[in-house]
Amino acid sequence: MGEVFADPDARDGSGDPWDGVDAEAVAEAVRQQAARPVPGVGDMASYLAAQVADDSHRDVIGPLLHGGGASGAIVRRGTVIASWGDPTRAEMAYSATKSVLALVAGIAHDDGELTLDEPVSVRVGLPQFADAHGRAITWRHLLDQTSQWEGELWSKPTSADAQSTREGTESAGGPPGEGWAYNDVRVNLTALALTALLRRPLPDVLRDRVMTPIGASSSWSWHGYATSFVDIDGTGVPVVSGGAHWGGGLWINALDLARLGHLCLSGGCWGDTRVVSARWIEHMWTPCPVKPEYGLSWWLNDHHTVWPTAPATGRCARGNGGRHLLWVDPARDLVISSRWGTEAETLLSAVSQAITPHPLIA
């Protein structure tokens, strides 16, 4: 506790991370969250088998990491003001990985390699984008989960993902952009397309362009499946997964996850270093027309839809029903990183109530 990520960009002219904070209330919220661990995570194979609701293609094809119990960190104005469990232990991030995938896409965007509303097929020659539907898919469609692509990738068909139909917002058989579905096969297609575009493994891009500049530890890793490779100039380049639905995904500790949140909170800057453009952060946090609580692979609480009792100013990366969570609230200069804890909304609400928001943002 007390670790400083970067020079805080305090909007009220004060760099004191405790200004406007009810320290006792924050401590109590942390104590309660530490006492709400998700059961069964010590055996990840059994836990994942119980979580997946797919009727078919349930087999795990990526590596698994046993869970270490509830842990997390609270960061205010770039300073860690509270933590619980072991925040230095890497854990599977589940679908919070999707939001990190969007950050990597931001690197491609800032380098001029990716234009959101340009069809993916313009720069990527993959067979998945060769038919009429595929040629209409843009990078925006991939990142905001509106591609409506149907097919099979790494032995998993899009139809196998049971979570894809739970929202009821998919336009079955419709064109890209008209329907939304939370589908891990399509997210994996995004990772494949980005790998083909950048012509190198995405973990290398994340390490060199994001994690090293923000001072992250070396304990994180990003995994795909046993067969997830793409041929680039005759070499099989590994492709990571965008979640842990069938194993794999990003494995990261709470402090490193919080660093990513602080980077977004700071508009893409780390101290004096520009890591990702402010424009890309705005893109990620712009509502999708057919799913207003979702941006470019980030959840937006603008209308209290994601977390009804948490502030509308919050944005988050979340996985496994919120059991993995990165919460970013610009109104409070606040980042919360939580893993393997239940009742995440209770944590968000309690900590948010303990911090006075900036009057011009709240």
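A brief report on the enclosed structure follows. As the structure is a computational prediction, the values presented were derived from the model and not from experiment.

About the thresholds
Throughout, residues of each chain are indexed from 1 in the direction in which the sequence is written. Two thresholds apply to this predicted model, a pLDDT of at least 70 for residue-level local features and 80 or more for giving and counting side-chain atom pairs, whereas whole-chain, interface and lining totals are computed over all residues. Hydrogens are left out, water is left out, and the side-chain values use all remaining heavy atoms of the structure. Centres within 6.5 Å make a pair out of two Phe, Tyr or Trp rings, where for Trp the six-membered ring is used; the pair is then stacked when the planes are under 30 degrees apart, edge-to-face when over 60, and tilted otherwise. Both a distance and an angle decide whether a charge sits over a ring: NZ of Lys or CZ of Arg must be within 6 Å of the ring centre and within 35 degrees of the ring normal. In DSSP terms, a helix is any run of H or I states spanning at least four residues, a strand is any run of E spanning at least two, and both are numbered starting from the N terminus. A helix's residues, less one, multiplied by 1.5 Å, set its expected span. Note on classification: 1.4 Å probe, protein chains only; a residue is buried when its accessible area is under 20% of the maximum for its type, exposed when over 50%, partly exposed between these limits. Salt-bridge detection follows one rule: a side-chain nitrogen of Lys or Arg within 4 Å of a carboxyl oxygen of Asp or Glu. By definition, two strands form a pair when at least two bridges between them are found by DSSP. In what follows, residue pairs with any heavy atoms lying within 4.5 Å of each other are defined as contacts. Interaxial angle, 0 to 180 degrees, is taken between N-to-C directions of lines fitted to C-alpha atoms, where a helix line uses only the stretch in contact. Residues are called lining when one of their atoms sits within 4 Å of a cavity or pocket point, these points coming from a 1 Å grid over the protein atoms alone, where a cavity is a set in which a 1.4 Å probe fits but cannot get out and a pocket is an open set with protein on both sides within 12 Å along at least five of seven lines. Grid points are joined across faces, edges and corners, and a volume is the space filled by probe spheres set on the points. Classification used: nonpolar for Ala, Val, Leu, Ile, Met, Phe, Trp, Tyr, Cys and Pro, charged for Asp, Glu, Lys and Arg, polar for all others including Gly. Each angle gets one of four labels, with under 35 degrees taken as roughly parallel, over 145 as roughly antiparallel, 65 to 115 as roughly perpendicular, and the rest as oblique. For any pair of crossing helices, the crossing counts as left-handed if the nearer helix is rotated counterclockwise from the farther one by less than a right angle, and right-handed if it is rotated clockwise. For this analysis, a nonpolar core means a set of buried residues of the types Ala, Val, Leu, Ile, Met, Phe, Trp, Tyr and Cys, connected via side-chain atoms within 4.5 Å.

Considering the packing of aromatic side chains
- Counted under the stated rule, the structure contains 10 aromatic pairs.
- Ring centres of tyrosine 294 and tryptophan 299 lie 4.8 Å apart, and the angle between their planes is 75°; this geometry places the pair in the edge-to-face category.
- Members of the aromatic cluster, each reached through a chain of ring pairs, are Trp180, Tyr182, Tyr294 and Trp299.
- Above the face of the tryptophan 180 ring, lysine 291 is positioned so that its terminal group lies 4.6 Å from the ring centre.

A look at helix 3 (residues 96–110)
- With 15 residues, helix 3 extends 22 Å from end C-alpha to end C-alpha; this agrees with the ideal 21 Å at 1.5 Å per step.
- Within helix 3, 14 of the 15 residues are buried, leaving the element largely enclosed by the surrounding structure.
- Backbone geometry just after helix 3 places glycine 112 at a positive phi near 80°.

So, the pattern of salt bridges
- Under the criterion given, the structure shown has 20 salt bridges.
- The salt bridge involving aspartate 208 is made with arginine 200; its shortest N-O contact spans 2.8 Å.
- One connected set of salt bridges, linked through shared partners, spans Arg200, Asp204, Arg207 and Asp208.

Digging into the sheet that holds strand 8 (residues 249–252)
- Read from one edge to the other, the open sheet built from four strands follows the order 3-8-6-7, with strand pairing classed as antiparallel. Each end of this open sheet is capped by a strand with a single partner; those strands are strand 3 (91–92) and strand 7 (235–240).
- Bridging between strand 3 and strand 8 involves two bridges; their strand directions are antiparallel. Among the inter-strand pairings, glutamate 91 is bridged to a residue of strand 8, identified as isoleucine 252.
- Taken strand by strand, helix 6 (residues 184–198) contacts strand 6 (221–232) and strand 7, and its axis lies near 140° from that of strand 7.

Observations concerning empty space enclosed by the protein
- As enumerated under the stated definition, the model contains three cavities of 30 Å³ or more in all.
- Taken as a whole, the second largest cavity holds about 40 Å³ of empty space.
- As for the second largest cavity, its lining consists of Lys98, Leu101, Leu142, Leu143, Gln145, Val187, Thr190, Tyr294 and Ser297.
- Of all the secondary structure elements, the ones that give two or more residues to the lining of the second largest cavity are helix 3, helix 5 (139–143) and helix 6.
- For the lining of the second largest cavity, a count of residues per class yields five nonpolar, three polar and one charged.

Observations concerning the packing of helix 3 against helix 6
- Interhelical geometry of helix 3 versus helix 6 gives an angle of 25° and a closest axis separation of 11 Å. Between helix 3 and helix 6, the interaxial angle falls into the category roughly parallel. Both helix 3 and helix 6 take part in a crossing whose hand is left-handed. Facing helix 3, whose interface residues are Lys98, Leu101, Val104, Ala105 and Ala108, helix 6 presents Asp184, Val187, Thr190, Ala191, Leu194, Leu197 and Leu198.
- A class-by-class count of the residues in the contact of helix 3 with helix 6 yields nine nonpolar, one polar and two charged.

Some remarks on the pairing of strand 2 (residues 79–84)
- Taken across its six residues, strand 2 has five buried, putting it largely inside the fold.
- Bridge analysis of strand 1 (residues 71–76) against strand 2 gives five bridges, and the strand direction is antiparallel. Note that in strand 2 the partner of isoleucine 74 across the bridge is alanine 82.
- With antiparallel pairing between neighbouring strands as the criterion, strand 1 and strand 2 make up a hairpin whose turn holds two residues, including arginine 77 at a positive phi of roughly 50°.

Comments concerning the sheet that holds strand 12 (residues 315–319)
- The strand order 2-1-14-13-12-11 describes an open sheet built from six strands, whose pairing is antiparallel. Bordering the open sheet on either side are strand 2 and strand 11 (299–300), each of which pairs with just one other strand.
- Those strands touched by helix 1 (residues 23–34) are strand 1, strand 2 and strand 14 (334–339), and its axis lies near 40° from that of strand 2.

What about the nonpolar core?
- Counting residues in each nonpolar core, the largest one holds 77 residues, and the members touching the most others are Leu260 and Met284.
- For this core, the element with the highest residue contribution is helix 6, accounting for 10 residues.
- If we ignore the near neighbours within four places in the chain, the residues touching leucine 260 are Val100, Leu103, Val210, Met211, Ile214, Ile252 and Leu326.
- Judged by nonpolar contacts, the second largest core, of 28 residues, contains Val21, Ala70, Ile74 and Trp84.

Thoughts on the environment of tryptophan 299
- Within the secondary structure, tryptophan 299 sits in strand 11.
- The exposure class of tryptophan 299 is buried, given its relative accessible area of 5%.
- Each C-alpha atom of the pair tryptophan 299 and serine 95 lies 11 Å from the other, and the pair is 204 residues apart in sequence.
- For tryptophan 299, the residues in contact, after removing those within four places along its chain, are Trp180, Tyr182, Lys291, Glu293, Tyr294, Val306, Gly314, Arg315, Cys316 and Arg318.

As far as function goes, none of this settles anything; it's purely spatial.
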